[in-house]
Amino acid sequence: MHVFSVKTSAHEELLDITSRVEAAVRESGIMDGICCVYTPHTTAAITINENADPDVRRDLLKGLRHLGLENVSFDHAEGNSPSHVKSSLVGCSETIIVNDGSLALGTWQGIYFCEFDGPRTRKVYVKII
Ligand code: ZN
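Residues numbered from 1 in each chain as written. Predicted model: local features only at pLDDT ≥ 70, side-chain atom pairs only at ≥ 80, totals over all residues. Heavy atoms only, no water.

Asks: Lay out the coordination of the zinc ion with the relevant residues and their values.
Replies: Coordination of the zinc ion by the protein comes from H76 (NE2), E78 (OE), N80 (OD1) and H84 (NE2), over a distance range of 1.9 to 2.2 Å. Around the zinc ion sit 4 donor atoms; with metal-centred angles ranging over 91 to 155°, the donor geometry is irregular. Read N to C, the donor residues that coordinate the zinc ion are spaced as H-x1-E-x1-N-x3-H. Residue H76 is classed as partly exposed on the basis of its relative accessible area of 36%. Residue classification places H84 among the partly exposed residues on the basis of a relative accessible area of 22%. (Donors = N, O, S within 2.8 Å, 3.2 Å for Na, K, Ca; no water. Tetrahedral: all angles 85-135°; square planar, octahedral: opposite > 155°, others 65-115°. Buried < 20%, exposed > 50% of the residue type's maximum accessible area, 1.4 Å probe, protein only.)

Here you go:
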């Protein structure tokens with residue numbers, strides 16, 4: 001398993017981790033297989049979306065904020081239930097096909113680490129089989 005850290009600098013943020021996942025694929029030497037990108041946190045997530053217009057990244061966060069989770073009277077005493085819900089909605093992993101030693105991403109796709117309760121230092125696990 002390949003592990004790397006990401007340092008987030010805002011309460012909510014999407015960080016492009018595509019090049020770091022690609023590096024893990026190269027390092028593995030695996031030419032054809034499956035790459036699992038996973039984050040072991042309950043208030044963060046992994047997603048794949050557009051890598052061209054940075055407005056899309058901002059709009060993903062805007063869209064999630066529009067759910068109005070901050071106005072729900074949750075029970076969890078830590079007070080960060082909106083972050084937990086967003087983590088579960090987006091999901092803590094993505095699976096990408098490895099073809100000819102590269103991630104089979106579309107031209108406009110990037111892999112993002114989603115911070116929903118930052119800033120913090122987080123871990124990302126990459127397993128290629
Ligand atoms: Zn919590």
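Next, the rest of the story.
Asks: Just give me the short version of the pairing of strand 5 (residues 93-99), but keep the residues and values in it.
Replies: Relative to strand 5, strand 3 (residues 33-38) runs antiparallel, the two sharing 6 bridges. By the bridge assignment for strand 5, G33 is matched with V98. Inspection of the sheet shows strand 5 paired to strand 6 (residues 102-103) by 2 bridges, in the antiparallel sense. The residue of strand 6 that forms the bridge with V98 is L103. In sequence, strand 5 turns back onto strand 6 through a hairpin of 2 residues, with D100 there showing a positive phi of about 50°. (Pairing = 2+ DSSP bridges. Helix = DSSP H or I, 4+ residues; strand = E, 2+ residues; numbered from the N terminus.)

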